[in-house]
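# A structural walkthrough
Listed below are the residues making up each chain.
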Amino acid sequence: MIVIRRRRAVSSRASILAVVLALPSFPGFAQDARLYQLGGGFLGGVAVEAGAVQVDNYFYESDNGVSASGYRVRPSASLTRTDSVGSLRLDGFGEYSDYDLRGSLDSNFDYGGTLRYDWRPLTKHNFDLNGGYQRGHDPAGLVRTEEGTPLFDQGEVDEWDQTRLSLTYGYGSPSSLARNELSVGVRNREYVTNRDATRFLNYDTQQLGYLLSYAYSPKTAILFVMAHNSTDYEIPVRASGNRNLNEFGVRTGFRWVATAKTSGDVQVGVRSVSLDDRTRPSRQTFAWRANFEWAPTARSTLRLSTGESTSETYRNDTLYIDNKNYALNWRQVWTSRFSTSLGANYTQSEFVGSGREDETINASAGFDYQVLAPVTVFGDYSSRNRESTVNGLDYDAPQIRLGVRWTP
């Protein structure tokens, strides 16, 4: 078991932090890896990002939060190939972070990779294969450890392996008025540390989807969407019983592109959420998705997105989590070297079955400045805040980053 011990962070690694801050810096924002010819039609490139981090509430506590200083290093690589019938892209990354707290809960190494292959063997037929693997972790103080009193300078973080694979088949040529897409996907998450306490979080999901788009003008299309998602947990829990979930939704709307400097899509409909436990009634709710992008000038971009979604439960007393999300982002390019970004995200979460409700607000402001062609300095400030109807689960966790990214 992991236990919380409340104490203030010490600057035992202040010299390391000072060295990282003194380095020329890498960006957290944009700048993809530069791609070079590797032979055989392949292009490849690498990038490295390193930065210092200051966190005011490392363990997401409701009061007397522990502050921590540390650093993160993130190398990444890309490989692509395109020919007359398809395109392939492979991406991989590793991320190591370390902070000035005792124990192993402040040191993490995550890594993963993704694959995408688009294949168009005939004019009206195309296939899109997506896959990925990631070794990640739940931060101490969130998810399973958001309640209780474990000592944070002992034990291990909750690490997991996640794999996903999806295949989409599309029928319709670029000049067709109508296009059909059928998709199928699977996702699996399995926890690999603290197994006695984390095994109940393991799950598999399956997705089926259908999309019909009909272009009634050159830049506008009517949409019809059907989606079915199912979630199966490895083991049941006594408090809530069978948590296996089925969700079916139908939406309709429209999509437009490059109309008066805006693009986006709006979808509305209904959805039904039911559990394998037949004693619990299904739940029908309004469903919506909306995305808008407005570029008033060539250097400014505003994005607004909103929608509802269901996420997997991580609590014994909760069947699933129903989310309503609203996000706004502004990207401004001031010069060929300097750009800024502002963002805000608001989420309402209902923990169905337990009566708990959360409101989470994440806001961020950042910049990136290209010092040299391969070197960019970046920095950002983020404020993460949660208010919950359950006592002791509120938190405010600001964070500051400053770093450098190298794209040779």
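Attention here is on the structure that accompanies the text. Please read these numbers as outputs of a predicted model, since none were measured by experiment.

The subject of this paragraph is the environment of R401. With respect to the secondary-structure elements, R401 resides in strand β20 (residues 399-406). Note on R401: relative accessible area 19%, which makes it buried. When the C-alpha atoms of R401 and G366 are compared, they prove to be 9.1 Å apart, with 35 residues separating the residues in sequence. Polar contacts involving the side chain of R401 include one to the side chain of D380, which spans 2.7 Å.

Below, the discussion takes up the layout of surface pockets. Empty space within the largest pocket amounts to approximately 970 Å³. Around the largest pocket sit 43 residues that line it, and S183, Q207, A227, N229 and R289 are the ones nearest its centre. When residues in the lining of the largest pocket are grouped by element, the largest group, nine residues, is from strand β10 (residues 220-233). Along the lines of polarity and charge, the residues of the lining of the largest pocket split into 14 nonpolar, 18 polar and eleven charged. A volume near 760 Å³ is recorded for the second largest pocket. Looking at the second largest pocket, it is lined by 26 residues, and the ones nearest its centre are L142, V143, S311, Y314 and I321. For the lining of the second largest pocket, the secondary structure elements donating two or more residues are β8 (178-191), β15 (320-333), β16 (338-352), β17 (356-372) and β18 (375-388).

Let us now look at the side chain of R189. With respect to the element layout, R189 can be found in strand β8. It is D138 that comes nearest to the buried, bridge-free R189 among opposite-charge side chains, at 4.2 Å. A distance of 2.9 Å separates a polar atom in the side chain of R189 from a polar atom in the side chain of Q162. In contact with R189, other than residues within four places in its own chain, are D138, W160, D161, Q162, N202 and Y203.

Time to look at the pairing of β16. As paired elements, β15 and β16 share 14 bridges and run antiparallel to each other. Within β16, the residue paired with V333 across the bridge is S339. Linking two consecutive strands that pair antiparallel, namely β15 and β16, is a turn of four residues. In this antiparallel pair of consecutive strands, β16 and β17, the connection spans three residues, and G353 shows a positive phi of 105°.

The rules behind each value
Residues numbered from 1 in each chain as written. Predicted model: local features only at pLDDT ≥ 70, side-chain atom pairs only at ≥ 80, totals over all residues. Heavy atoms only, no water. Helix = DSSP H or I, 4+ residues; strand = E, 2+ residues; numbered from the N terminus. Buried < 20%, exposed > 50% of the residue type's maximum accessible area, 1.4 Å probe, protein only. Polar contact = N/O pair within 3.5 Å; in protein donor to acceptor, adjacent residues only side chain to side chain. 1 Å grid on protein atoms, 1.4 Å probe; cavity = no way out; pocket = protein on both sides within 12 Å on 5 of 7 lines; lining within 4 Å. Points joined across faces, edges and corners; volume = space filled by probe spheres on them. Nonpolar A, V, L, I, M, F, W, Y, C, P; charged D, E, K, R; others polar. Lys, Arg positive; Asp, Glu negative; His and termini not counted. Salt bridge = Lys/Arg side-chain N within 4 Å of Asp/Glu carboxyl O. Contact = heavy atoms within 4.5 Å. Pairing = 2+ DSSP bridges.

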